[in-house]
Amino acid sequence: MTRFASSVSNLRSSEIRDLMSLATAPNIISFAGGMPGNELFPLETLDKIYHSLTEKEKQLAMQYGPTNGLPALLESLSEYLEAKGLPVKKNRLMITTGSLQGIHILAKAFIDPGDPVLVETPSFIGALSAFRAYDAQFVTVPLKGDGMDIQKLKEKLETTRPKPKFLYYVPNFHNPAGIIYSEEVKRQIIELLKDQDIPIIEDDVYSDLYFYEEDVPKMQLIKAMDPEGIDVCYSGSFSKILGPGLRLGWMLVPEHIYKKCELIKQSIDACSPSISQVIADKFLREDYISDYLTTTRKEYKKRGLAMIEALEKYLPECVSFEKPRGGFYTWLKLPEGTDSTLILKKAIEKGVVFVTGKTFDPDGVKNDYMRVSFCNTDVETIQKGIPIIAEAIREVC
Ligand SMILES: Cc1ncc(COP(=O)(O)O)c(C=O)c1O
């Protein structure tokens, strides 16, 4: 028998990955993925950028680069992040191969086998898998409509020993819950973690995809609040605002954490793809990003609103959800104890896929929720697919 390392012997293919293979079958309507709409990628701009590169820039694009990122991208990205109020100069910025790599690097930097880590329930499956890969123990804090249940967080902080290595959270347009953290909840998290030696990993990949400008001020990141007495490790990504095919993310972390992260990244892949970095730099530097985000925000809003309308029209009354105000996801709450895998099986028979609730449960058990994304389906497909999902729910509930 093949003798795998104990750290990987417990790794299993996640339901979300298995579903991805179904999602590519012809004619199936997929509300499963968390990917941008294919037809929304700025292909003409990308062509234009590539063709505008000098021979020297093209050579640079094909070469290895510095581990922390190409200087030009570090400069243009710093400007982009500073405009969002992030304290770039007081921290160190590193380009990563997708933000998932940043999360992995931080997990490797902090977790010894068996270490407790604070995570939301539900939580982003990619981060859970990364933490699992380093044998973390999950200490779960339930999510409410405005963020973590602060009372529960307080209890977990009082009762978990040894104390958690970090807190991981997704502040804006949560995956899968779709919610935005309120300012009050973020303020309370800061109060609880101040001087506790428990860093925060703040994973913010969706905040540019808001439907309503008026939400922007309340989406301020804890990193931007720059609280004293807490190490905040903020990570972001080009995946949802340009294209995941570039495999480019970033992390902004305090200097002493950065030093370890840089060494870890060096040993993983030496550097992130230079060709992607050259393109992303021009995309920011020439400010193609502003118009592009305006266009994509409009389209995702259209899809999100079509999703809300269809769900309100077709779902049985026993199903409820928070209306998304941005991002990619709606998170449906089914009657307590419902097994959403049964609904999924029915839905697949009818030609529609989504993701079951337990996929996002750190304990892999609670299944009376389901995630339905509206990012990679146009309005017409949403209008066609949601009645089918509603029918599958009715057959099970
Ligand atoms: C909350 C969250 N964080 C991180 C990622 C990973 O993004 P990337 O493509 O930058 O690795 C995703 C992707 O779905 C996500 O939803």
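This is a predicted model, so every value here is computed, not measured.

Asker: Where do I start with the overall build of the protein chain in this structure?
Answerer: Of the regular secondary structure elements, the protein chain holds 15 helices and 13 strands. Oriented by its inertia axes, the alpha-carbon framework of the protein chain measures out at about 60 × 55 × 55 Å. Within the span of the protein chain, comprising 397 residues, buried residues form 46% of the whole. Across the protein chain, every contact between residues at least 6 apart in sequence was considered, and the portion connecting residues at least 24 apart equals 77%.

Asker: I'm lost on the sheet that holds strand β12 (residues 355-356) in this one. Help?
Answerer: Think of a sheet as strands paired side by side through backbone hydrogen bonds, with each pair either parallel or antiparallel. Taken in spatial order, the 3 strands of this open sheet run β10-β13-β12, and their pairing is antiparallel. Edge strands, defined here as strands with exactly one partner in the open sheet, are β10 (329-333) and β12. Where β12 meets strand β13 (residues 369-373), 2 bridges bridge the pair, whose relative direction is antiparallel. Residue pairing for β13: Thr356 is matched across the bridge by Met370.

Asker: I'm lost on the domain arrangement of the protein chain in this one. Help?
Answerer: Interfaces are often sized by the amount of accessible area the parts lose when they come together. Parsing the protein chain into structural domains produces domain 1 (6-41 + 290-396) and domain 2 (45-288). Taken over C-alpha atoms, the centre of domain 1 sits 24 Å from the centre of domain 2. Contacts between domain 1 and domain 2 engage 33 residues on the former and 33 residues on the latter. Counting only elements with at least two residues in the side of domain 1 that touches domain 2, the list comes to α13 (288-314), β10 and β13.

Asker: What should I look at first to understand helix α11 (residues 255-269) in this one?
Answerer: Residues separated by three or four positions in an α-helix point in the same direction, a consequence of the helix having 3.6 residues per turn. Between its first and last C-alpha, α11 extends 21 Å over 15 residues, near the 21 Å set by a 1.5 Å rise per residue. Within the span of α11, buried status applies to Ile257, Cys261 and Lys265. Taken down its axis, α11 places every buried residue within 65° of arc, on the same side. Opposite the buried face of α11, by more than 90 degrees, sit the exposed residues Glu255, His256, Lys259, Leu263, Gln266 and Ser267. The inward-facing, buried residues of α11 abut β2 (92-96), α6 (99-110), β8 (232-237) and β9 (249-253).

Asker: Before we go on, may I ask you to explain the nonpolar core in this structure?
Answerer: Across soluble globular proteins, you tend to see nonpolar side chains buried next to one another. Ranked by internal contacts, the top residues of the largest apolar core, which has 109 residues, are Leu106, Val117, Tyr168, Ile200, Cys233, Ala280 and Phe354. Viewed by domain, this core spans two of them, domain 1 (6-41 + 290-396) and domain 2 (45-288), each represented by three or more residues. When sequence neighbours within four positions are dropped, the list of residues in contact with Tyr168 reads Val117, Leu118, Val119, Ala127, Ile201 and Asp203.

Asker: How should unusual backbone geometry be read in this particular structure?
Answerer: Most peptide bonds take the trans configuration, and most residues that are not glycine carry a negative phi. In this structure, the amide linkage connecting Thr121 to the following residue, Pro122, adopts the cis form with an omega of 5°. With respect to the secondary-structure elements, Pro122 resides in the loop between β3 (116-121) and α7 (125-133). In this chain, Asn175 is followed by Pro176 through a cis amide linkage whose omega measures 15°. Here Pro176 is to be found in the loop between β6 (167-169) and α9 (183-193).

Asker: Honestly, the site of the ligand in this entry has me stumped. Any pointers?
Answerer: The immediate surroundings of the ligand are formed by 14 residues, with Gly98, Ser99, Leu100, Ser237 and Ser239 found nearest. Here the shell around the ligand is composed, by residue class, of 5 nonpolar, 8 polar and 1 charged.

The rules behind these values
- Residues numbered from 1 in each chain as written.
- Predicted model: local features only at pLDDT ≥ 70, side-chain atom pairs only at ≥ 80, totals over all residues.
- Helix = DSSP H or I, 4+ residues; strand = E, 2+ residues; numbered from the N terminus.
- Buried ≥ 20, exposed ≤ 12 C-beta atoms within 10 Å, placed from the backbone.
- Contact = placed C-beta atoms within 7 Å.
- Pairing = 2+ DSSP bridges.
- Domains from an automatic or database assignment.
- Expected span 1.5 Å × (residues − 1).
- Arc of directions from axis to C-beta.
- Core = buried A, V, L, I, M, F, W, Y, C linked by C-beta atoms within 7 Å.
- Near = placed C-beta within 6 Å.
- Nonpolar A, V, L, I, M, F, W, Y, C, P; charged D, E, K, R; others polar.

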